[in-house]
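Observations on the model geometry
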Amino acid sequence: MTHSVGPDAGPDLSLDSDDPPRPPTGVGDGRALGAWLDIMRASHPVWRDPLTGSAHVFRYHDLLHVLSTPEVYGSDFTGVMPPSDPSAPNFAEGVLTMIDPPRHGKLRRLVSQAFTPRVITALEPRIIQLTKELLDTVADQDEFDLVAVMAHPLPVIVIAEMLGIPAEDRELFRAWGEALLSTNYELETGEVPDNSALPPDVVAQLTEMRDYLLRHVDLHRRNPRDNLTSRLAFAEVDGDRLSDQEIVSFLNFLLLAGHLTTSLLMGNSLLCFVEAPEAELAARANRALIPGAIEEVLRFKPPVVMQARLTTMDTVLAGVELPARTPVMGWPMSGNRDERQYTSPSTFDITRNPNPHLTFGHGIHFCIGAPLGRMEARSVLNELFDRYRSIEIGEPRYYDRSPDVFGVKALPVTVKRS
Ligand code: HEM
């Protein structure tokens, strides 16, 4: 894959200051943020931002400690977030990543049945078939947007099929997904989201989505099928069934967690191969290298750059005092590049082994969908390599306003067929 990028746009950062530089706003192509993280990891491994009050954690082992100690670094932000916009549907109940034990473990057990290695392996033929079908739609084109054709639709189709959502309704989820994401836009880096007043068009989209999902759950209660929605509709936690509202917010979270992240992983894979064409040649020649290449993409260009926690008690991390209720932003994008953990962390090396990156998190909240995301990316890379002997990348369009998402919303490609 080839592409020419402009000059490095990193900020002018100085190491010897006690007053560290402000983080850039948004992630964009990741260069300015990467440069800031490099400086902070070296000079202020744990840093309390006087502007937002949040603490930032930049080194691998400190982040591992935060993610491994949920009793001190909790995930429930309800006490510090402003109440959500009362006119908008509240999807917070099902967001597993924001629920603490013991309820977290109970809910997680419910949903993990749908993501066991056996279930995911059984999905592989269908994922390969969908990958082929999507690329068939551009069989007569040499230029297309790989996000629109593949990276966006494939993950949403896969998760929608797992939930039993009919094919003709999939498009609806594109607009809804974007509305949900936009509630997170234009935050200061490290700022706790404030959804207390949302724009009316976003509220309208979210309400439509909530009503759609309520109908979907109701349908599955009355007419159970063999899918995740039915399993949730009849599952019990502490002897109680989940309420419709709980299931709806859970479904909403799964759609969100499983969609954009995987879509970004696909785009980021191509961007990494642009930077390391020899890695692409090696993976083309030996497909057994693809799983390792995907792990390296996850380390090198993580789709989610930051994971948030809230201290439940006064604590000290790397000599920095963190009072109870301090928001803590852990940066896998920085930990994954920590020189103390990795040899040559700035080299994209698809044979790196071991590669214990933190892109899927760690500990009790470790990503349930990791095997699925990996499988979808594998299917796409294999099919692209089979069909095209070369893939040239045009100017990517990045998600540039969200503080924690790293990747492209459009990726024009010019292909030469094999
Ligand atoms: C390949 C792209 C993906 C990335 C980079 C990713 C990343 C993550 C991360 C970082 C977490 C932990 C967040 C935290 O600790 O605060 C997480 C949790 C989660 N992910 Fe993923 N994810 C991906 C794909 C998926 C897919 C395909 C699904 C499902 C269809 C999924 C479902 C979940 C769920 C349910 C959780 C919550 C686990 C918990 O809190 O116990 N993810 N993901």
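Coordinates for the structure precede this section.
The present account deals with the structure reproduced in this document. (Residues numbered from 1 in each chain as written. Predicted model: local features only at pLDDT ≥ 70, side-chain atom pairs only at ≥ 80, totals over all residues. Heavy atoms only, no water.)

**Observations concerning the site of the ligand**
Using the following cut-off: Near residues are defined by distance, with any heavy atom within 4 Å of the molecule or strand qualifying the residue. Polar contacts here mean pairs of N or O atoms no more than 3.5 Å apart (in protein, one a potential hydrogen donor and the other a potential acceptor; neighbouring residues in sequence count only if both atoms are side-chain atoms). To qualify as a helix, a DSSP run of H or I must reach at least 4 residues; to qualify as a strand, a run of E must reach at least 2; elements of each kind are numbered from the N terminus.
The environment of the ligand is made up of 26 residues, and the closest members are His104, Arg108, Arg309, His365 and Cys367. Here His104 contributes a side-chain N or O atom positioned 2.6 Å from an oxygen atom of the ligand. Contact between the ligand and Ala257: a nitrogen atom at 3.4 Å from a main-chain N or O atom of the residue. Counting residues per element, the ones that place at least two in the shell around the ligand are α3 (103–112), α10 (244–275), β7 (307–311) and α14 (370–387).

**Topic: the coordination of the iron atom of the ligand**
Keep this limit in mind: With water excluded from the atoms, a metal site may look incomplete; its donors are any N, O or S atoms within 2.8 Å, or within 3.2 Å for Na, K and Ca.
Inspection of the coordination sphere of the iron atom of the ligand shows a single protein donor, Cys367 (SG), at 2.3 Å. Structurally, the position occupied by Cys367 is in the loop between α13 (332–335) and α14.

**Considering the nonpolar core**
Keep this limit in mind: Throughout, nonpolar core names a set of buried Ala, Val, Leu, Ile, Met, Phe, Trp, Tyr and Cys residues whose side chains join them through atoms within 4.5 Å. We call a residue buried when its accessible area falls under 20% of the maximum for its residue type, exposed when it is over 50%, and partly exposed in between, using a 1.4 Å probe and counting protein chains only. Every residue pair with non-hydrogen atoms within 4.5 Å of one another is taken to be in contact.
Among the nonpolar cores identified, the biggest contains 105 residues, and Phe115, Phe144, Phe173, Leu270, Trp331 and Phe348 are the most heavily contacted of them. Among all residues touching Phe144, those that are not within four sequence positions of it are Leu135, Val138, Val149, Tyr388, Leu411, Pro412, Val413 and Val415. Of all hydrophobic cores here, the second largest spans 15 residues; its members include Leu63, Leu64, Tyr73 and Leu322.

**Digging into the pattern of salt bridges**
How we decide: For this analysis, a salt bridge means a side-chain nitrogen from Lys or Arg found within 4 Å of a carboxyl oxygen belonging to Asp or Glu.
Scanning all chains against the criterion turns up 24 salt bridges. Put simply, Arg170 and Glu161 hold a salt bridge, and the shortest N to O gap is 3.5 Å. By relative accessible area, Glu161 is classed as partly exposed at 31%. Glu295 is paired through a salt bridge with Arg374; the nearest N and O atoms lie 2.7 Å apart. A residue pair is termed long-range when its members are at least 10 positions apart, and Glu295 in helix α12 (residues 290–300) and Arg374 in helix α14 qualify at 79 residues. Salt bridges sharing partners connect three or more residues here, namely Asp38, Arg41, Asp338, Glu339 and Arg340.

Taken by themselves, the reported measurements are silent on function.
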